[in-house]
Amino acid sequence: PTESPRVVIDLDLPGPTISRHIYGHFAEHLGRCIYGGFWVGEDSPIPNVGGIRSDVVEALRALQIPNLRWPGGCFADDYHWRDGIGPREERPRMVNSHWGDVVEDNSFGTHEFMALCELLGTDAYISGNVGSGSVQEMSEWIEYLTRADDSPMAVLRRQNGRDEPWKVPFFGIGNEAWGCGGSMRVEQFASLARQYSTYVRKHADNEVYRIAAGASDHDYNWTEVLMKSFDKLEAGDGPAGPFQGISLHYYTMTGSWGDKGDATTFTEDEWYIALARAAHMNELLTRHGQVMDRHDPGKRVGLVVDEWGTWWNAEPGTNPGFLYQQNTLRDALVASLHFDAFHRHADRVVMANIAQTVNVLQAMILTDPDSGALVLTPTYHVFAMNTPHHDARSLAAHVIAPEASRTVEGKDMSLLSASASTKGATAHVSLSNLDAAEARTVVLDLRGRDVTGFSAQVLTAAELNSHNTPEQPEAVAPRKLDGIRRHPRGLELDLPAHSYVTVALELG
Ligand code: AHR
């Protein structure tokens, strides 16, 4: 008989730490992400704290979200932060040209965003404007945010009601500079990134990690040129300068940018295409990593995947510029595949941000524009099931499953994906059964330490396109997996078809 698929894990060989920051989020002034998603205003009948929706905050706190990127995206390179401070009724308006061509009234600005971060207990990742902003504007923003004394910007912040400086650990230098962020050549942007980063100063004890706008997809030349722009990386240790990280953006769709595929109406072939394209993240990280390794063998520069996730055609009947889409079990498995890739590349990937948190693209939360009802998506549950991996040491997980594979878009694709981590006397294993139709019994071949206890959770649903709605909020929700037992090699698990499973191990 054919042997069961096996996942071999050496529990006593921990690798690099999986930064909790790979579980980061992204909130852009786009569609109903900020307005209607996070922000309802102080006079809203929806319960809020200073205008920020309490139920959204509560749901995200449960995910222990480590950082939140704001205000864009493409919007960031149109945004002038001084328009978003001071009395709300006096704030200037602007056109949000990228997203629906709507008028933005700037009622959600710096103070509102930092209040949101405080409510969430999360780190701020501010995305600065290189495309249409000045060096001085960027320099003054970090001074406004983080300076304690009586400097001009600190005084202005106090006049606007905030005495204490905030902490801003992450600062983006532009966004998609090759496209909406200025249509630049990489050589031009590399010079600007050095220049702008220099003025994102460390005020008092605010350590700031500067992230230069990086490549899209397989644009390895963009990464190459940015890496070349560092001085003497090989010589030293500690964080690189003048910026410390470079970003990468990659979106999953089944079609092309013109017709990306639908969120809830798809064929079995499209199920596999989406998952194969999500798994492609692993190759992107390997190859961008190889470029970075050539210049930076000591891994002083971090790779920050600050936009990733599914991008489907907008839901029928919604504004196409608002990028509102449903979120199914397929999106959940796209997320689990990304996390497997990030875990495997924990030595280089220091941070990542799914696009986006509420009501936009692959969201955690959808809110109804009329009733205000809130729904947690299948992707939300994958984030929740992954919290034990935060800041744990990665463990290599070798998948031996020759029968569990399929050819998708001309390439071989494994139908079983796995990753693992360990922290103290525990370990956690993530397993994705990508097979649309077949359940699989999998052996966890656990070596190096005794397993004294175990339990597992599963996320699956009746249909490939099952999703949550206000009427059926738990169509896709995690539950206990009963099919788990001891095996001579470790444990044996029954993975349902199209499922994501996390296994918690207690170690002796
Ligand atoms: O996340 C939506 C958009 O996708 C962002 O604004 C932009 O950076 C990217 O093209």
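Counting of residues starts from 1 at the beginning of each chain's written sequence and follows it residue by residue. Only residues with pLDDT of 70 or above have their local features reported here, since the model is predicted, and side-chain atom pairs are shown and tallied only from 80 upward, although totals for entire chains, interfaces and linings are computed over all residues.

Within an unreviewed UniProt entry, the label attached to the protein reads non-reducing end alpha-L-arabinofuranosidase, and the organism entered is Promicromonospora soli. Under Sequence similarities (unreviewed entry), UniProt gives the following word-for-word description of the protein: "Belongs to the glycosyl hydrolase 51 family." UniProt positions are given in the numbering used here, feature names are shortened, and annotations may be inferred rather than shown by experiment. According to the UniProt record, the Subunit (unreviewed entry) comment for the protein is "Homohexamer; trimer of dimers."

Labels follow the DSSP assignment, with helices taken as runs of H or I lasting at least four residues and strands as runs of E lasting at least two, numbered in each case from the N terminus. Summing up its helical and strand segments, the protein has nine helices and 27 strands in all. Relative to the compact-globule value of 23 Å for 508 residues, the protein shows a C-alpha radius of gyration of 23 Å, a close match. Dimensions along the principal axes, computed over C-alpha positions, put the protein at roughly 75 × 60 × 45 Å. Neighbour density around each residue's C-beta defines its exposure: 20 or more other C-beta atoms within 10 Å make it buried, 12 or fewer make it exposed, and counts between make it partly exposed, where C-beta atoms are placed from the backbone. Looking at the protein as a whole, 49% of its 508 residues are labelled buried. Residues are treated as contacting if the C-beta atoms built from their backbones sit within 7 Å of each other. Long-range pairs, those at least 24 residues apart, make up 77% of the contacts in the protein between residues at least 6 apart in sequence. Radius of gyration: C-alpha atoms only; globule rule: 2.2 Å multiplied by the number of residues to the exponent 0.38.

With that settled, the discussion passes to the environment of Phe170. Tracing the backbone through its elements, the reader meets Phe170 in strand β9 (residues 170–173). Exposure remark for Phe170: the 24 C-beta atoms within 10 Å place this residue in the buried category. The spatial distance from the C-alpha of Phe170 to the C-alpha of Asn206 is 10.0 Å, given a sequence separation of 36 residues. Not counting chain neighbours up to four residues away, the residues in contact with Phe170 comprise Asn67, Asp123, Ala124, Tyr125, Tyr209 and Ile211.

A separate point is the packing of helix α3 (residues 135–146) against helix α4 (residues 152–159). As a packed pair, α3 and α4 sit with axes 8 Å apart at the nearest point and diverge in direction by 55 degrees. Taken together, the axis directions place α3 and α4 in an arrangement best described as oblique. Handedness of the crossing formed by α3 with α4: right-handed. Residue-level contacts link Glu140, Glu143 and Tyr144 of α3 to Met153, Leu156 and Arg157 of α4. Grouping the constituent residues of the contact of α3 with α4 by class yields three nonpolar, no polar and three charged. Throughout, an axis means a line fitted to C-alpha atoms (over the contacting stretch in the case of helices), and angles, computed between N-to-C directions, take values from 0 to 180 degrees. Orientation labels follow simple angle bins: below 35 degrees gives roughly parallel, above 145 gives roughly antiparallel, 65 to 115 gives roughly perpendicular, and whatever is left gives oblique. Rotating anticlockwise by less than a right angle from the far helix to the near helix defines a left-handed crossing, while the corresponding clockwise rotation defines a right-handed one. Under the grouping applied here, Gly and all other residues not named as nonpolar or charged are polar, the nonpolar ones being Ala, Val, Leu, Ile, Met, Phe, Trp, Tyr, Cys and Pro and the charged ones Asp, Glu, Lys and Arg.

To count as a nonpolar core, a set of buried Ala, Val, Leu, Ile, Met, Phe, Trp, Tyr and Cys residues must be joined through C-beta atoms within 7 Å. By size, the foremost hydrophobic cluster in this structure holds 146 residues, and its most contacted members are Leu275, Val349, Ile365, Val429, Leu444 and Val501. The leading source of residues in this core is helix α7 (residues 268–295), at 13 residues. Excluding residues that lie within four positions of it along the chain, Leu444 makes contacts with Val7, Ile9, Val429, Gly490, Leu491, Leu493 and Val503.

The next thing to look at is the site of the ligand. Near, for a residue, is defined by distance from a backbone-placed C-beta atom to a molecule or strand, with 6 Å as the limit that must not be exceeded. Residues in contact with the ligand, as listed here, are Glu28, Gly72, Gly73, Cys74, Asn175, Glu176, Glu307, Ala355, Gln356 and Leu361. Residues belonging to the shell around the ligand are distributed by class as follows: three nonpolar, four polar and three charged.

Next up on the list: the packing of α3 against helix α5 (residues 186–199). Their axes nearest at 8 Å, the elements α3 and α5 cross at an angle of 35 degrees. The interaxial crossing formed by α3 with α5 has right-handed handedness. Taken together, the residues of α5 that come into contact with α3 (itself represented by Val135, Met138 and Ser139) are Gln195, Tyr196 and Tyr199. Broken down by class, the residue content of the contact of α3 with α5 amounts to four nonpolar, two polar and no charged.

As a further point, take the sheet that holds strand β25 (residues 484–487). Note: two strands are recorded as paired if DSSP finds a minimum of 2 bridges between them. Read from one edge to the other, the open sheet built from five strands follows the order β17-β1-β22-β26-β25, with strand pairing classed as mixed. Either end of the sheet is taken by a strand with one partner, and the two such strands are β17 (397–400) and β25. The mean inter-strand angle of the sheet, taken between neighbouring strand axes irrespective of direction, is 25 degrees. In terms of strand pairing, strand β22 (residues 440–447) meets strand β26 (residues 490–495) through six bridges, oriented antiparallel. The partner of Arg440 across the bridge, within β26, is Leu495.

A few words now on the confidence of the model for the protein. Values of pLDDT, the confidence the predictor places in each residue, fall between 0 and 100. For the protein, the average pLDDT comes to 96, and 99% of its residues sit at 70 or higher. Model confidence for the complex: the whole-complex pTM is 0.97, and ipTM, which rates the interface, is 0.99.

In this section: the domain arrangement of the protein. Annotation comment: domain bounds sourced from an automatic or database domain assignment. As assigned here, the protein comprises domain 1 (6–11 + 394–507) and domain 2 (20–391). Look at where the C-alpha atoms of domain 1 and domain 2 centre, and you get two points 29 Å apart. The leading source of residues in the side of domain 1 that touches domain 2 is strand β20 (residues 416–423), at four residues.

What follows concerns the pairing of β26. Here β25 pairs with β26 via four bridges, running antiparallel. Pairing of Arg486 across the sheet is with Leu491, part of β26. Hairpin connection from β25 to β26: two residues lie between these consecutive antiparallel strands.

Residues of helix α6 (residues 220–228) that are buried: Trp222, Thr223, Leu226 and Met227. What you see down the axis of α6 is that its buried residues fit within an arc of 130 degrees, all on one side. Where the residues of α6 are buried, they touch α5, β10 (209–216), β11 (245–252) and α7. Arc definition: it is the arc formed by the directions from the helix axis to the C-beta atoms.

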